[in-house]
Every structure is written in structure tokens, then in C-alpha cells.
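Spelled out from the first residue to the last, the chains are:
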Amino acid sequence: MKTFSIAIHGGAGTLVKGMMTPELEAQYKSALQLALDSGYKVLEAGKTAVEAVEVAVKLLEDSHLFNAGKGSVFTATETHEMDASIMDGKTLNAGGVSLITGIKNPVSLARDVMEKSEHVFLAGDGAMQFAKELNYKLEDASYFYDEFRHNQWLEIKDTDSFQLDHAKKKDSKFGTVGAVACDKDGNIAAATSTGGMTNKKWGRVGDSPMIGAGNYANNKTCAISCTGSGEFFIRGVVAYDVACLMEHKGMSVKDASSEVIHKRILEIGGDGGLIAVDTKGNIAMPFNTEGMYRGQKSSDGIDDVSIYG
Ligand code: ASP
């Protein structure tokens, strides 16, 4: 039987051993394991990679631990603006949403953009109108309130700075989430979801909802979900860059991912990581930060979640 597999991430950043309590570490690991197992079960049941990445990302969005969905960071105006995307490597269909508010699972709205609209990317009021037409329920602000996130915002709210959830502060939490999967038919998909950066303003959008930058899937090469300094990941067109190295230079998913994260993105000043899978189910999870919340599971028997480098 062909190998099928899934990988997930919950953000990369200054994650140093001993930084958090053993209890909190255990909470992170169990949230990651739950998302990983749930996505894997979808693949095991013979369903598609698209289905699997959506299921895994939804669970990460439902956890307050990660900067996506429920745990999204605060914007400069004390709101939450979320971005998400999904791509099907078999068809090259893709969907992205940005600057959305009140939606419990932004990844599902991205999937609806992919499957129920003629478009690829909807933003702001228009994306919300689309959600309304599909009868999405809107959560009120209290659903997204998290004291830790609020304190992060209070610290910088009167400044011009905005803070990546990857900031080099010992107490920072990290958390854009993503999943990539290869199903039993060898089709691959990727999904990514984020709350962006604390205190962001002017409708700032990062790489996560942008096809080719933070998310990409193509059965010719690989499926990728990124996390890191979005502005640099956009400039580096990181997800597509990995796919290009595979397609045009014949590199493996591991070598191409490593080249981009340990060389090409560093050269332009970016930091972060990515998860990638090819159509044989091979997984790569490189990062150039101290750590990355991550997990991988495959029909070959791999099953692990980890945080540190
Ligand atoms: N890449 C995301 C952004 O720039 C942030 C992250 O990965 O945590 O919006």
C-alpha cells in the first residue's frame, strides 16, 4: 500500500526548553497530538488530503494555545482579524480569506471560497458578506478573548510597533497553524491559518493566506504550510520557492525545504519554518528558529509531536 501521511505545525519561534511549565508543555503536546490523530484518521478512512488538512487545522483553531481562530492575537484596535488559506494539489484549486472577524474556523471559509465561489481570495467586508451568504454563525468578541494575548497587546498598544508572535521575548507565545497531507491516492493538500501579528494595523496581511507565499500544494511537487516573519515569507514566495526547487532542480522535499529555510529565507532576513509533504508521503519540517510546534504521522509508523530544535 502507498504511504499516506500528515504533518502539522502550531508556529515557530523562540521556543527554548525550560521556558514553559511542564503542564503547559503537556497541553501543547496534547493539542498537537489531537489535531494530528484526527487528520490521520481522515486519511486512514480513505478520505482526501483536503479533508484531512481542514480537520487538523480546525482543531488547532479551536485551541486557545495557538495564534489562529480562538487564540488569535489582538490588532491595534483591540479586535481580531484572521487570515487562512487552503490548496488542493490535485486540481490546483485554492481558497484564501483575509481580515475576517468572528469566524470560528477561518480555514473552513477558505475552503468554501475554493469550492463554492469562482474566486481564489476574498478579503475583509467582502469575505464576511460571502460568509453571511453561506450562513456562517458569528462568534462574539468574548469567544476570542484570551488574557495572555490581551496582555501581550496591552504592552505595546500605545506604540507603533507590532509584534510577531515569534518575537524574541522569552514569554512570547507562538502560533500560526498549518497542516499538509498526502492521502492514499497520492494527492496532497495544504492549509494555513493565523491571527497575524499583535497590534497590527492598516489591514496588514501576512503570508499565511497568500497562495505561493505561506501555503501551496501541487501534485507535481509538494504541499507546504509556512510560519514565520510574514513580510519576508511574502518577499521570498517561500512555499512556491520550495516547489520550484523540486520541479526545476529535481531536489527532494527534504533538501528543497531545507535550502529555503536554512539559506534562502535567512539571506533576505526572514525567520521561521515550514512543513512539507510530497506525493510519496515524505515529510520535511525544517525551521531556523529555536523551536517549532510540530507533529507528523504516517502509515509507515512515524508518530511524533515535538517543540524544540
Ligand atoms: N506568518 C504569520 C504572519 O506573518 C505569522 C506566524 O507565522 O505566526 O501573519
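Residues numbered from 1 in each chain as written. Predicted model: local features only at pLDDT ≥ 70, side-chain atom pairs only at ≥ 80, totals over all residues. Heavy atoms only, no water.

Student: A description of the packing of aromatic side chains should follow, citing residues and the corresponding values.
Tutor: Within the structure shown, the criterion is met by 8 aromatic pairs. Here the aromatic rings of Phe74 and Tyr145 are separated by 6.1 Å at their centres, their planes lie at 70°, and the arrangement is edge-to-face. In this pair, Phe74 is assigned in the loop between α2 (49-61) and β2 (82-88) and Tyr145 in the loop between α5 (141-144) and α6 (147-156), connecting sequence segments 71 residues apart. Judged by its relative accessible area of 3%, Phe74 is buried. Residue Tyr145 is classed as partly exposed on the basis of its relative accessible area, which comes to 43%. One aromatic cluster is present, formed by Tyr28, Phe66 and Tyr293 through successive ring pairs. In this structure, Arg235 packs its charged tip against the face of Phe232, placed 5.0 Å from the ring centre. (Phe/Tyr/Trp six-rings, centres within 6.5 Å; stacked < 30°, edge-to-face > 60°. Helix = DSSP H or I, 4+ residues; strand = E, 2+ residues; numbered from the N terminus. Buried < 20%, exposed > 50% of the residue type's maximum accessible area, 1.4 Å probe, protein only. Lys NZ or Arg CZ within 6 Å of the ring centre and 35° of its normal.)

Student: Kindly report on the environment of Arg111, identifying the contributing residues and their values.
Tutor: Counting through the fold element by element, Arg111 comes out in helix α3 (residues 106-116). A C-alpha to C-alpha distance of 9.6 Å links Arg111 and Glu51, two positions 60 residues apart in sequence. Once you skip the residues sitting within four places of it in the chain, Arg111 turns out to touch Val50, Glu51, Glu54 and Ile86. Here the side chain of Arg111 touches Glu51 through a polar contact of 3.3 Å, side chain to side chain. (Contact = heavy atoms within 4.5 Å. Polar contact = N/O pair within 3.5 Å; in protein donor to acceptor, adjacent residues only side chain to side chain.)

Student: Lay out the UniProt feature "active site" (unreviewed entry) in the protein chain in plain terms, naming residues and giving numbers.
Tutor: As annotated by UniProt and renumbered to match this structure, "active site" (unreviewed entry) occupies Thr176. With sequence-adjacent residues up to four places away left out, Thr176 is seen in contact with His9, Gly10, Gly11, Asn67, Thr192, Ser193, Thr194, Ser208, Cys226 and Thr227. (UniProt positions renumbered as here; feature names shortened; annotations may be inferred.)

Student: Explain the environment of Val237 to me, using residue names and the numbers behind them.
Tutor: Relative to the elements of secondary structure, Val237 occurs in the loop between α7 (230-235) and α8 (238-249). Distance in space between the C-alpha atoms of Val237 and Leu65 is 27 Å, their sequence separation being 172 residues. The contacts of Val237, once residues within four sequence positions are left out, are Gly212 and Ala213.

Student: A description of the nonpolar core should follow, citing residues and the corresponding values.
Tutor: Residues Ile6, Ile8, Phe66, Ile86, Val97, Ile100 and Tyr293 are the most contacted members of the largest nonpolar core, which totals 50 residues. By size, the runner-up hydrophobic cluster in this structure holds 34 residues, among which are Ala239, Leu245, Ala256 and Ile283. (Core = buried A, V, L, I, M, F, W, Y, C linked by side-chain atoms within 4.5 Å.)

Student: Give me the lowdown on the packing of α8 against helix α9 (residues 253-267), citing residues and values where you can.
Tutor: The contact between α8 and α9 brings their axes to 9 Å, and the two run at 130°. In terms of orientation, α8 and α9 fall into the oblique class. Here the hand of the crossing between α8 and α9 comes out right-handed. Each of Val238, Asp241, Val242, Leu245 and Met246 in α8 lies in contact with α9, whose residues at this interface are Val253, Ala256, Ser257, Glu259, Val260, Arg264 and Ile265. (Axes fitted to C-alpha atoms, helices over the stretch in contact; angles between N-to-C directions. Parallel < 35°, antiparallel > 145°, perpendicular 65-115°, else oblique. Left-handed = near helix turned anticlockwise from the far one by under 90°.)

Student: I'd like to hear about the confidence of the model for the protein chain, residue by residue, with values.
Tutor: Summary statistics for the protein chain give a mean pLDDT of 93 and a share of 95% for residues scoring 70 or more. Note on residues 169-173: pLDDT is under 50 here. Beyond four places in sequence and across chains, it has 18 contacts. (pLDDT = per-residue confidence, 0-100.)

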